[in-house]
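Fold and contact review
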Amino acid sequence: MSLLELDGVKVHFPIKKGIFVDRTVGHVYAVDGVSLKVEAGETYGLVGESGCGKTTLGRSVLRLVDITEGSVVLDGTDLAKLPGEEMRRFRRRLQMVFQDPLGSLNPRQNIESILSEGMIAHGIGKDQEERREKIKSILDKVGLPSNALSRYPHEFSGGQRQRIGIARALVLEPDVIICDEPVSALDVSVQAQVINLLDELQEELGLTYLVIAHDLAVVRHISDTIGVMYLGSLVEEAPSDALYAEPKHPYTKALMSAVPVPDPEVEDRRERILLTGDLPSPANPPSGCRFHTRCPWAQAERCATERPQLRDLGDGHRVACHFAEEIASGELALTRPTGIEAVTEGEGAVVEQTEDEAKVPAVLLPADSTTKPDATAVKEKVPSAAEAPGDRTAGAVAKDLDAAGPDASDSDKEQDKTG
Ligand SMILES: Nc1ncnc2c1ncn2[C@@H]1O[C@H](COP(=O)(O)OP(=O)(O)OP(=O)(O)O)[C@@H](O)[C@H]1O
Ligand code: SF4
Ligand SMILES: [Mg+2]
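Residues numbered from 1 in each chain as written. Chains lettered and ligands numbered in written order. Predicted model: local features only at pLDDT ≥ 70, side-chain atom pairs only at ≥ 80, totals over all residues.

For the chain, an unreviewed UniProt entry supplies the name ABC transporter ATP-binding protein and the organism Streptomyces heliomycini.

Put into structure tokens, the structure is as follows:
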């Protein structure tokens, strides 16, 4: 049995209306049937667009939101069924590190007080002296000086504050740490250092992580398994290397194609899929496959009517797409090539789009693509992935992570001292 197992977890928020009496007029299907397993000592990376339900799923594990349906089993105990007091005790074993390190630390408390709070609540340490010694040793582990104890959150840099957030989780000796966008509020250079710190702590303390991010480059280096979420559900899950080597779901392919590759030759040749159109509202999700309104391969039959389940395609690679095999083999032609017109003059030709065409996904393919036989070469009208600000961050992080050696957190310590 895995350390943490989610089975068919649903979190539906009621939408209420009415002046005198609240009536439920609908639901936000924030999480809509997620099953996943996190093995002890491993990292599960959860990625997906903003609003797809990542944070709600993380919060549901800690029972910070009500679970509408499904089970969350930690070490054999179903947390969804635990009465309040028992759940409070179990919560020590599950800790969360938040996206906004400053917002999650009380500005009026010094670091000793912030870190002691949870220890007192859970009866860790027989007196303040013992708790202080433990806090000092954890501060040392996360690369902060022990004189940090008497200082306040505003006196620290962003990277240091996130280290405090990690220390606050560690002092409670948790089994699982849920890191919700742990580095997205940080500078790119500091992002890599915090990710490396999480990695080192996992090795030293045998921690288990569920790391939530909207950016594939961030989770790549620390995740053993990656799950891709779209509109409340997992659309693909695979061992990290397999997912990067061969993404099989059209949504993952699109996400992956937005991450720049450091090698310019590979960057020029690779398939690029640009999804246009917003994420549909989770209060009114599309029928059938939830991705069919944006999927470049959506088929007339099945896709709009039948919801695909996650299927194991071998070696733990699970995909929720009726046509994953046909897309992988190139058998299935694109059904939405209208976002771009194929041009034969080679790179440099600019593709004109009508207003209607601009609403559907624009799929950019390399000259030798077999997926779309008539597309030979297409030039984007939009900025390239490498130029897009969000994507530049992703690529830079990837490079930083590659470049950052085991000593990266030391350089962060230096930087944080001056920061
Ligand atoms: N307490 C709530 N009541 C009603 N709707 C909610 C509540 N919390 C979240 N939602 C909705 O649920 C959906 C999923 O939100 P969530 O915060 O989980 O997304 P996310 O993937 O974490 O996004 P981001 O990457 O922006 O953090 C959103 O549409 C959000 O508006
Ligand atoms: S099931 Fe259909 S719409 Fe959904 S991802 Fe697969 S091809 Fe696209
Ligand atoms: Mg979130």
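**Section: the sheet that holds strand β8 (residues 208–213)**
The 8 strands are arranged β6-β7-β8-β3-β9-β10-β13-β12 in an open sheet whose pairing can be described as mixed. A single partner strand is all that each edge strand has here, and the edge strands are β6 (94–97) and β12 (311–312). By the bridge criterion, 5 bridges tie strand β7 (residues 176–180) to β8 in an arrangement that is parallel. Considered in β8, the bridge of D180 is made with I212. (Pairing = 2+ DSSP bridges. Helix = DSSP H or I, 4+ residues; strand = E, 2+ residues; numbered from the N terminus.)

**So, helix α1 (residues 54–61)**
Most of α1 sits out of view: 7 of its 8 residues are buried. Those residues of α1 lying buried are K54, T55, T56, L57, G58, S60 and V61. Within two residues after α1, R63 carries a phi angle of roughly 60°, on the positive side. (Buried ≥ 20, exposed ≤ 12 C-beta atoms within 10 Å, placed from the backbone.)

**Topic: the packing of helix α3 (residues 111–121) against helix α5 (residues 158–170)**
Axis separation between α3 and α5 bottoms out at 8 Å; the angle between their running directions is 30°. When the axes of α3 and α5 are compared, the pair comes out roughly parallel. Our pair here, α3 against α5, has a crossing hand that is right-handed. Contacts from I111, I114, L115 and G118 in α3 reach I164, A167 and R168 in α5. Looking at side-chain class alone, the contact of α3 with α5 contains 5 nonpolar, 1 polar and 1 charged residues. (Axes fitted to C-alpha atoms, helices over the stretch in contact; angles between N-to-C directions. Parallel < 35°, antiparallel > 145°, perpendicular 65-115°, else oblique. Left-handed = near helix turned anticlockwise from the far one by under 90°. Contact = placed C-beta atoms within 7 Å. Nonpolar A, V, L, I, M, F, W, Y, C, P; charged D, E, K, R; others polar.)

**Here we look at the site of ligand 1**
Of all residues adjacent to ligand 1, which total 13 residues, the nearest are F13, A30, S50, T55 and T56. Counting only elements with at least two residues in the shell around ligand 1, the list comes to β2 (23–38) and α1. Examining the composition of the shell around ligand 1, we find that 3 residues originate from one element, α1, more than from any other. Tallied by class, the residues present in the shell around ligand 1 amount to 5 nonpolar, 7 polar and 1 charged. (Near = placed C-beta within 6 Å.)

**Things to note about the site of ligand 2**
The full set close to ligand 2 counts 13 residues, and C289, H292, C295, C303 and C321 are the nearest of them. Here the residues of the shell around ligand 2 sort into 10 nonpolar, 3 polar and no charged.

**Things to note about the packing of α5 against helix α6 (residues 188–205)**
Describing two packed helices takes the angle between their axes plus the distance from one axis to the other. At a closest axis distance of 10 Å, the pairing of α5 and α6 adopts a crossing angle of 20°. The pairing of α5 with α6 is recorded here as roughly parallel in orientation. As for how α5 packs across α6, the hand of that crossing is right-handed. Along the contact surface, α5 presents G158, G159, Q162, R163 and I166, while α6 presents V190, Q193, V194 and L197. By residue class, the composition of the contact of α5 with α6 is 4 nonpolar, 4 polar and 1 charged.

**What to know about α3**
Of the positions making up α3, those classed as buried are I111, I114, L115, S116 and M119. The secondary structure elements touched by the buried residues of α3 are α4 (128–141) and α5.

**Observations concerning the nonpolar core**
With 98 residues, the main nonpolar core has A167, L210, V211 and V228 as its most contacted residues. No fewer than three residues from each of domain 1 (4–223) and domain 2 (247–257 + 261–384) sit in this core. What V211 contacts, discounting residues up to four positions off in sequence, is T43, G45, L46, C179, P182, V219, I222 and S223. (Core = buried A, V, L, I, M, F, W, Y, C linked by C-beta atoms within 7 Å. Domains from an automatic or database assignment.)

**Structural notes on unusual backbone geometry**
Notably, E181 is not glycine yet its phi reads approximately 50°, a positive angle. Looking at the secondary structure, you find E181 in the loop between β7 and α6. What makes E181 buried here is the crowd of 21 C-beta atoms within 10 Å. Phi angles above zero are rare outside glycine, and D315 is one such case at about 55°. In this structure, D315 sits in the loop between β12 and β13 (318–319). What makes D315 exposed here is the crowd of 8 C-beta atoms within 10 Å.

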